[in-house]
2 protein chains.
Amino acid sequence: MENTAVNTKDKILDISQDLIQKRGFNAISFQDIADLVGIKKPSITHHFASKEVLGIAVVQRYRETFATALNRLTNDESVSARDALNFYFTPYQDLGETGDKICLCASLAGEFMALPIDMQKEVALFFNDHLAWLEEILVKGQKLGEFNFTEKPKDLAHLFVDALQGALIVQRATQNFSQLDRIIRTLTVKLKS
Amino acid sequence: MENTAVNTKDKILDISQDLIQKRGFNAISFQDIADLVGIKKPSITHHFASKEVLGIAVVQRYRETFATALNRLTNDESVSARDALNFYFTPYQDLGETGDKICLCASLAGEFMALPIDMQKEVALFFNDHLAWLEEILVKGQKLGEFNFTEKPKDLAHLFVDALQGALIVQRATQNFSQLDRIIRTLTVKLKS
DNA sequence: GTCTATACAAAGATAGAC
DNA sequence: GTCTATCTTTGTATAGAC
């Protein structure tokens, strides 16, 4: 999940993502992005034809970065279900520590009806990716005796995604930055085998 | 939680709230509001001096409406903890059924860093109100033997708020509209005494 | 209390020089 | 690939008539 761009195009993507996670898509402008990248406003157009095109690129990259990381975990037989789940929490924990950023897709989902349709599709894919991955991990962990729970795996996967995304949103607003860690503990305690 | 305004000022508040719940604060304009209210754009200024003033009024009213309803439940001795909790779910369920709206404060919290400071404060108060109320109800239900759970009431209150808010956000994006009801069931099953 | 008219700034986007 | 210059639209806000 590193963002250390060398070329301008990636810098634009990095800074746009950062700004959206802080303020949302509709509250940022080419001017904001250009200022932080260190170029002039119209130069962005050379890399991304429109704000919509830029927005789509940002979400797509974000979703694919997660998909790749999650698939790697699932395919690696040496990684236990519990380790995989713990690894899943780390990006949320990193976001929580920033104090001013939430998940890109939570930010976009908050203004969902004001998004271009192609951005909406990417956001939906992101959540569905995560729900499916979590369900798979929970089933795997249950089968191998790592987890012990009575809920349906699908319901528990929903609970995890909703609670984690909600926790980041709520804790940023309330400035109560221990909340995410507490939620993670509350969620995982129920998996004790 | 009814919104059937008779005067223009309340109509502006109602429509603004509705639009923010759908699209967020930064994505809406006086023009959008005026069109739906059926007046001209500058007429809004007569009722609310600025967009910020309007925004503050919308959140404040929203927060106070909830606070009043929740306090009524807490003060009414004839209402059991379980009934109070079930009543707490109904606004979320109503929102879930719209298919395109989320909690006003979740929408605002998603673009938190792009909000005027006084709107931020109102949003924070809203969440803290709900967290405190839920904790109180959980403690009460536990004492009276209505609920049976092992988590700390504060942690469970966090889980409820985060999961409910998260569920509305995620289900709107994924168009999977059974998710909120499933989350509510998942959450309440753990309270079975 | 609502309107028309307008001011002013900022938005996204394009053209064309370098 | 980045710039300056410019276009067009839209945003919030104000002035003043009715």
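It should be noted that the structure appears before, not after, this text.
Position labels on residues start from 1 in each chain and follow its written sequence. The naming scheme follows written order: chains are lettered A onward, ligands numbered 1 onward. Owing to the predicted nature of the model, reporting of local features is limited to residues with pLDDT of at least 70; listing and counting of side-chain atom pairs is limited to 80 or more, with chain, interface and lining totals taken over all residues. The side-chain values count all of the structure's non-hydrogen atoms but skip hydrogen atoms and water molecules.

K.L.:
Teacher, can you tell me more about helix H5 (residues 81–98) of chain A here?
P.N.:
An α-helical turn contains 3.6 residues, so any two residues separated by three or four positions project in the same direction. All names here are of chain A. Between its first and last C-alpha, H5 extends 27 Å over 18 residues, near the 26 Å set by a 1.5 Å rise per residue. Residue Thr 90 marks the point of greatest curvature in H5, where the axis turns by about 25°; the proline Pro 91 follows within four residues. The elements touched by buried residues of H5 are helix H1 (8–23), helix H4 (51–75), helix H7 (117–143), helix H8 (153–174) and helix H9 (179–189). Put simply, DSSP marks the helices as runs of H or I at least four residues long and the strands as runs of E at least two long, and each gets a number from the N terminus on. Just beyond H5, the residue with positive phi is Gly 99, at close to 85°. One fewer than the residue count of a helix, multiplied by 1.5 Å, yields its expected span. Here the bend at a residue means the angle between the axes of two seven-residue stretches, the one that ends at it and the one that starts at it. Only heavy atoms matter for contacts: two residues are in contact if any of them lie within 4.5 Å across the pair.

K.L.:
I would appreciate a short explanation of the interface of chain A and chain B in the present structure.
P.N.:
As a measure of interface size, the accessible area lost when the parts come together is often cited. With 40 residues of chain A in contact, the opposing surface of chain B contributes 41 residues. Between chain A and chain B the total buried area reaches about 3500 Å² when both faces are included, carbon and sulfur atoms providing 66% of it. Buried area is a sum: the accessible area each of two parts loses on coming together, probed at 1.4 Å, counted once for each and added. Its largest share of buried area at the contact with chain B, chain A owes to Met113(A), Asp162(A) and Arg182(A), together 16% of the area lost on that side. The salt bridge criterion pairs a side-chain nitrogen of Lys or Arg with a carboxyl oxygen of Asp or Glu, the two atoms within 4 Å. Here chain A and chain B share 2 salt bridges between them.

K.L.:
Help me out: how do you make sense of the protein's contact with DNA strand C in this one?
P.N.:
Inspection of the region around DNA strand C gives 16 residues, with Lys51(A), Thr8(B), Lys40(B), Ser43(B) and His47(B) positioned closest. In DNA strand C, the atoms that sit within 4 Å of the protein are 68% sugar and phosphate, with bases accounting for the remainder. Within 3.5 Å is the distance limit for a polar contact, defined as a pair of N or O atoms, with the added protein rule that one can donate a hydrogen and the other accept it, and that residues adjacent in sequence qualify only through two side-chain atoms. Here a phosphate oxygen of DNA strand C sits 3.0 Å away from a polar atom, N or O, in the main chain of Phe30(A). One of the side-chain N or O atoms of Thr8(B) is found 2.7 Å from a phosphate oxygen in DNA strand C. Just so you know the grouping, Ala, Val, Leu, Ile, Met, Phe, Trp, Tyr, Cys and Pro go in nonpolar, Asp, Glu, Lys and Arg go in charged, and all remaining residues, Gly too, go in polar. Each residue belonging to the surface near DNA strand C can be placed in one class, and the counts come to 5 nonpolar, 8 polar and 3 charged. Any residue with a non-hydrogen atom lying within 4 Å of a molecule or strand is treated as near it.

K.L.:
Can you walk me through the packing of H1(A) against H4(A) in this structure?
P.N.:
When two helices pack together, their arrangement is captured by the angle between the axes and the distance separating the axes. Residues and elements named next belong to chain A. Viewed as axis vectors pointing N to C, H1 and H4 meet at an angle of 85°, and their least axial separation amounts to 10 Å. By the angle between their axes, H1 is roughly perpendicular relative to H4. Contact with H1, carried on its side by Asp 10, Ile 12, Leu 13, Asp 14, Ser 16, Gln 17, Ile 20 and Gln 21, involves Leu 54, Ala 57, Val 58, Arg 61 and Tyr 62 of H4 and no other residues of that element. Taken together, the residues of the contact of H1 with H4 break down into 7 nonpolar, 3 polar and 3 charged. Under this scheme, a helix contributes an axis fitted over its contacting stretch, all axes are lines through C-alpha atoms, and angles between N-to-C directions fall in the 0 to 180 degree range. Working definition: roughly parallel below 35 degrees, roughly antiparallel above 145 degrees, roughly perpendicular at 65 to 115 degrees, and oblique for all remaining angles.

K.L.:
Before we go on, may I ask you to explain the pattern of salt bridges in this structure?
P.N.:
On inspection of all chains with the given rule, the structure shows 18 salt bridges over all chains. Residues Lys154(B) and Glu135(B) are paired through a salt bridge, measuring 3.6 Å at the closest nitrogen-oxygen approach. A residue pair is termed long-range when its members are at least 10 positions apart, and Lys154(B) in helix H8 (residues 153–174) and Glu135(B) in helix H7 (residues 117–143) qualify at 19 residues. For Lys154(B), a relative accessible area of 39% corresponds to the partly exposed category. When salt bridges with common partners are traced through the structure, they connect Asp18(A), Lys22(A) and Lys101(A) into a single cluster. Only protein chains enter the accessibility calculation, which uses a 1.4 Å probe; a residue whose area is less than 20% of its type maximum is buried, one above 50% is exposed, and one in between is partly exposed.

K.L.:
Sorry, what's going on with the relation of the copies chain A and chain B here?
P.N.:
One copy of the chain maps onto the second through a rotation around an axis plus a translation along that axis. Least-squares fitting of one copy onto the other uses the C-alpha atoms of those residues that reach a pLDDT of at least 70 in both copies. By a simple turn and slide, chain A fits onto chain B: the slide is 0.0 Å along the axis, the RMSD is 0.0 Å, and the turn is 180°. This pairing of chains is accounted for by a two-fold axis. An overlap of 100% is found between the interface residues of chain A and their copies at the interface of chain B, pointing to a shared contact surface.

K.L.:
What is the right way to look at the nonpolar core in this model?
P.N.:
Grouped burial of nonpolar side chains is what soluble globular proteins tend to show. Ile33(A), Val123(A), Ile33(B) and Val123(B) are the most contacted members of the largest nonpolar core, which totals 132 residues. With residues up to four places along the chain from it excluded, the contact list for Val123(A) reads Val59(A), Cys105(A), Leu108(A), Ala109(A), Phe112(A), Leu115(A) and Ala173(B). Nine residue types can take part in a nonpolar core, namely buried Ala, Val, Leu, Ile, Met, Phe, Trp, Tyr and Cys, and a core is a set of them joined through side-chain atoms within 4.5 Å.

K.L.:
What am I meant to see in H7(A) here?
P.N.:
The terminal C-alpha atoms of H7(A), which comprises 27 residues, lie 39 Å apart, in line with the 39 Å expected from a rise of 1.5 Å per residue. Phi turns positive one or two residues past the end of H7(A), at Gly145(A), with a value near 80°.

K.L.:
Is there a simple way to explain the packing of aromatic side chains in this structure?
P.N.:
Here the distance between the centres and the angle between the planes together describe a pair of aromatic rings. We call Phe, Tyr and Trp rings a pair once their centres come within 6.5 Å, taking the six-membered ring for Trp, and we label the pair stacked below 30 degrees between planes, edge-to-face above 60, and tilted otherwise. For the structure on display, the rule yields 16 aromatic pairs over all chains. Seen in terms of ring centroids, Tyr62(B) and Phe66(B) are 5.1 Å apart; in terms of plane orientation they differ by 55°. Their pairing is tilted. Of the two residues, Tyr62(B) and Phe66(B) both sit in helix H4 (residues 51–75), 4 residues apart, roughly one turn of that helix. An aromatic cluster of at least three residues, connected via ring pairs, comprises Tyr88(A), Phe89(A), Tyr92(A), Trp133(A) and Phe160(A). We call a charge positioned over a ring when the NZ of a Lys or the CZ of an Arg lies within 6 Å of the ring centre and within 35 degrees of the ring normal. Geometry around Phe48(A) places Lys9(A) over its ring, the cationic atom sitting 5.4 Å from the centre.

K.L.:
Would you mind going over the environment of Leu36(A) with me for this structure?
P.N.:
Residues and elements named next belong to chain A. By secondary structure assignment, the location of Leu 36 is in helix H2 (residues 30–37). Residues Leu 36 and Ile 183 lie 147 residues apart in sequence; the distance between their C-alpha atoms is 34 Å. With residues up to four places along the chain from it excluded, the contact list for Leu 36 reads Ile 15 and Leu 19.

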